[in-house]
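Per-entry structural report
For reference, the chains in residue letters:
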Amino acid sequence: MKGYFSATYVIPDTIRFGSEKVKVLAIFTCFNRKDKTENCIRKLTASNPTCEFTFVVADDNSTDGTQEILTSMQTDFDIHLLKGDGNLFYSGGMRLGMDYALNKLGSDYDYMLMMNDDVEFYDHCIEKMAEQSIEQNNSIIVGATEDSCGKLSYSAMKVERGYYFSRMPIDRWKDEADTFNANCVLIPYEAFKKTGSIDSVYVHSLGDFDYGLALKRNGYKLHVNREYVGCCNNNPSAGTWTDRSLSRRERIRKKESVKGAPTKQWFHFLRKNFGLPRAVFSSMTPFFRILVKR
């Protein structure tokens, strides 16, 4: 794994807000990976000393001791633990956390951080994102991640050829993005307050894509971070609805499952962001792919 952050990195004065620390409200959802959840919180806090973190964690009814670990950590960290019933999934968990932040925690923050706890964050990554945000006129900064082989895994996204999305490499950090994978996204708090929470239609996937597009529509600029913020491997396609080794019937079943691309949510996403004609036509595209075994 390639490391991009030096242990001798000196925090620039530009990311300091006077004599105060940069106040970051970090929101994420978790389920049954207590070691990664704990390590993520400890790593971010220890390796970004000029940031003051508050964590809002939506735990979706973990059974591996995650809730107990998080409860014990509240002595040393500012953690707000929200408990789900096992049916939140990604978008539902993030929406719960974002609604809680907007309704319960006030506005005394500089940034809201959307993140995943399975990212192995590099030292000073949030500090560097805050620095770049200021340099680029308080833009939203999307932290790109690399896989264990050093290849781009998650990033900001550019919309191309209608509604196709391509991930932006870190050398395009000066270019504006359209949306993002929300593995690590630093959002100025005013932009978060104006845009609100993730659309209630989404259960698991598409919530982060839709939210990035909503931020863009509200006039905020999005940029990919100029260096990788951490390591995070892509989710495997094997066993999902895109797996061509499965039967057509099984692929359709998986597509319509919560973690697939349910037609109602996919249609809503397309209509909201690209218009009704595109939604009518393209909501059928996944079925065509399955039919021709693509």
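Note that this is a predicted model, so its numbers are computed, not measured.

In space, the four strands of this open sheet follow the order β5-β14-β7-β8, with mixed pairing throughout. Whereas interior strands pair on both sides, the edge strands pair on one side only; in this sheet they are β5 (120-121) and β8 (152-154). The sheet contact formed by β5 and strand β14 (residues 230-231) spans two bridges and is antiparallel. Of the residues in β14, the one forming a bridge with Glu120 is Cys231.

Moving on to the environment of Trp241. Turning to its location among the elements, Trp241 is positioned in the loop between β14 and α7 (248-255). Exposure remark for Trp241: the relative accessible area of 13% places this residue in the buried category. The sequence separation of Trp241 and Lys255 amounts to 14 residues, and the corresponding C-alpha distance is 5.0 Å. The contact partners of Trp241, leaving out residues within four places of it in the chain, are Arg251, Lys254, Lys255, Gly260, Ala261, Pro286, Arg289 and Ile290.

Right, let's talk about the layout of surface pockets for a bit. Taken as a whole, the largest pocket spans an internal volume of roughly 2,200 Å³. Taken together, 47 residues make up the lining of the largest pocket; nearest its centre are His204, Ser205, Asn235, Lys259 and Gly260. Listing elements by their share of the lining of the largest pocket, those giving two or more residues are β1 (22-30), α3 (89-104), β10 (164-167), α6 (207-217), α7, α8 (263-274) and α10 (285-291). With four residues, the top contributor of residues to the lining of the largest pocket is α10. Looking at the lining of the largest pocket residue by residue, the class counts come to 20 nonpolar, 16 polar and eleven charged. Taken as a whole, the second largest pocket holds about 250 Å³ of empty space. As for the second largest pocket, its lining consists of 13 residues, and the residues nearest its centre are Lys36, Asp118, Val119, Glu120 and Cys231. Those elements giving two or more residues to the lining of the second largest pocket turn out to be α1 (34-47) and β5. In terms of residue count, α1 provides more of the lining of the second largest pocket than any other element does, four residues in total. Taken together, the residues of the lining of the second largest pocket sort by class into five nonpolar, three polar and five charged.

Here we take up the pairing of strand β3 (residues 79-83). Counting buried residues in β3 gives four out of five residues, a clear majority hidden from the surface. Pairing geometry for strand β2 (residues 51-59) and β3, over five bridges, is parallel. From the neighbouring strand, Val56 faces β3, where its bridge partner is His80.

Time to look at the sheet that holds strand β12 (residues 184-188). Spatial ordering of the open sheet is given by β3-β2-β1-β4-β12-β6-β13, a layout of seven strands whose pairing is mixed. Two strands close off the open sheet at either side, each with one partner strand: β3 and β13 (222-224). When strand polarity is set aside, the average angle formed by the axes of neighbouring strands in this sheet is 20°. Sheet analysis places strand β4 (residues 111-115) next to β12, joined by five bridges and oriented antiparallel. Bridging across to β12, Leu113 finds its partner in Leu186. Where α1 meets the sheet, it contacts β1, β2, β3 and β4, and its direction lies at approximately 165° from that of β2. Across the sheet, helix α4 (residues 125-135) is in contact with β1, β2, β4, β6 (140-142), β12 and β13; its angle to β12 comes to roughly 45°.

Criteria and thresholds
Residues numbered from 1 in each chain as written. Predicted model: local features only at pLDDT ≥ 70, side-chain atom pairs only at ≥ 80, totals over all residues. Heavy atoms only, no water. Pairing = 2+ DSSP bridges. Helix = DSSP H or I, 4+ residues; strand = E, 2+ residues; numbered from the N terminus. Buried < 20%, exposed > 50% of the residue type's maximum accessible area, 1.4 Å probe, protein only. Contact = heavy atoms within 4.5 Å. 1 Å grid on protein atoms, 1.4 Å probe; cavity = no way out; pocket = protein on both sides within 12 Å on 5 of 7 lines; lining within 4 Å. Points joined across faces, edges and corners; volume = space filled by probe spheres on them. Nonpolar A, V, L, I, M, F, W, Y, C, P; charged D, E, K, R; others polar. Axes fitted to C-alpha atoms, helices over the stretch in contact; angles between N-to-C directions.

Keep in mind that these numbers describe shape and distance, not what the molecule does.
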